Amino acid sequence: MDFLLHQSVWIYVLVFVGKAAGNMIGTLKLILINRGERFKASLLTLAQMSLFIIITVTVLAGLRDDIWRLVVYLAGATLGSYLGSLIESKLAFGLGSIQ
C-alpha cells in the first residue's frame, strides 16, 4: 500500500471512474449505432474519446514509476463493461419486437 503514500488517491479515483464511465458510454454508443441513431451515438463518441484521452494520458504519464495506475485502469475497464451491459439490459435499448 505504499502507493497511497506517494500519490494522491484522487488520481486513482479519476482513472477508475473515468475508465468505467468511458466503457459504459462505449456500450451505449454501439447500441445506438445499431438502432440507427447516429447523431446521439456521435455525441456519445465525443464524450467517450474525451475521457479516453484524459485517462490514458494520466495513466501513461506515471506508468514507469507507478504500475498501480495500470491496475486501476484495467479494473475500471472491467467494471465499465459490466455496468454498460447491465444498463443496456435495464433500459432494453437493444430489444425490439415485430407484431
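Since we're looking at a predicted model, the values are computed, not measured. (Residues numbered from 1 in each chain as written. Predicted model: local features only at pLDDT ≥ 70, side-chain atom pairs only at ≥ 80, totals over all residues. Heavy atoms only, no water.)

Novice: Before we move on, could you go through the overall build of the protein and cite the residues and values that matter?
Specialist: Scanning the protein from terminus to terminus reveals 4 helices and 0 strands. Intrachain contacts of the protein at a sequence separation of at least 6 include 66% that bridge at least 24 residues. Only carbon and sulfur atoms are counted for the fraction: they give 69% of the accessible area of the protein, which is about 6,900 Å². (Helix = DSSP H or I, 4+ residues; strand = E, 2+ residues; numbered from the N terminus. Contact = heavy atoms within 4.5 Å. Areas by Shrake-Rupley, 256 points an atom, 1.4 Å probe, with all protein chains shown as cover.)

Novice: Lay out helix 3 (residues 38-61) with the relevant residues and their values.
Specialist: Spanning 24 residues, helix 3 covers 34 Å between terminal C-alpha atoms, matching the ideal 34 Å at 1.5 Å per step. Those residues of helix 3 not exposed but buried are A41, Q48, I55, T56, T58 and V59. Contacts from the buried residues of helix 3 go to helix 2 (9-34) and helix 4 (68-91). (Expected span 1.5 Å × (residues − 1). Buried < 20%, exposed > 50% of the residue type's maximum accessible area, 1.4 Å probe, protein only.)

Novice: Explain the nonpolar core to me, and be specific about the residues and the numbers.
Specialist: Core analysis: the biggest nonpolar cluster contains 6 residues, these being Y12, V15, I55, V59, V72 and Y73. Going through the elements one at a time, helix 2, helix 3 and helix 4 are the ones with two or more residues in this core. Non-local contacts of V15, meaning those with residues more than four positions away in its chain, are made with I55, T58, V59, R69, V72 and Y73. (Core = buried A, V, L, I, M, F, W, Y, C linked by side-chain atoms within 4.5 Å.)

Novice: Account for a nonpolar patch on the surface, naming residues and giving values.
Specialist: Taken together, the side chains of I67, W68, L70, V71 and L74 make up a nonpolar region of the molecular surface, amounting to roughly 440 Å² of accessible area. Positionally, W68 belongs in helix 4. (Patch = residues over 30% accessible without salt bridge, like charges linked within 9 Å, V, L, I, M, F, W, Y side chains within 5 Å. Salt bridge = Lys/Arg side-chain N within 4 Å of Asp/Glu carboxyl O.)

Novice: Let's hear about the confidence of the model for the protein: which residues, and what values?
Specialist: When pLDDT is averaged along the protein, the result is 85; 85% of the residues meet or exceed 70. When mean pLDDT is taken per element in the protein, helix 3 scores highest with 93 and helix 1 (residues 3-6) scores lowest with 53. (pLDDT = per-residue confidence, 0-100.)

Novice: Run through the packing of helix 3 against helix 4, naming residues and quoting values.
Specialist: Orientation of helix 3 relative to helix 4, taken along the N-to-C sense of each, is 150 degrees, at an axis distance of 8 Å. By the angle between their directions, the pair helix 3 and helix 4 is classed as roughly antiparallel. Considering how the two elements wind past one another, helix 3 and helix 4 form a crossing that is left-handed. Residue-level inspection shows F52, I55, T56, T58, V59 and A61 of helix 3 in contact with helix 4, the latter providing R69, L70 and Y73. (Axes fitted to C-alpha atoms, helices over the stretch in contact; angles between N-to-C directions. Parallel < 35°, antiparallel > 145°, perpendicular 65-115°, else oblique. Left-handed = near helix turned anticlockwise from the far one by under 90°.)

Novice: Residue-level account of the packing of helix 2 against helix 3, with values.
Specialist: Where helix 2 meets helix 3, the closest approach of the two axes is 9 Å, and the angle between their N-to-C directions is 155 degrees. Regarding the angle of helix 2 to helix 3, the classification is roughly antiparallel. In the packing of helix 2 onto helix 3, the handedness of the crossing is left-handed. Each residue belonging to the contact of helix 2 with helix 3 can be placed in one class, and the counts come to 14 nonpolar, 6 polar and 3 charged. (Nonpolar A, V, L, I, M, F, W, Y, C, P; charged D, E, K, R; others polar.)

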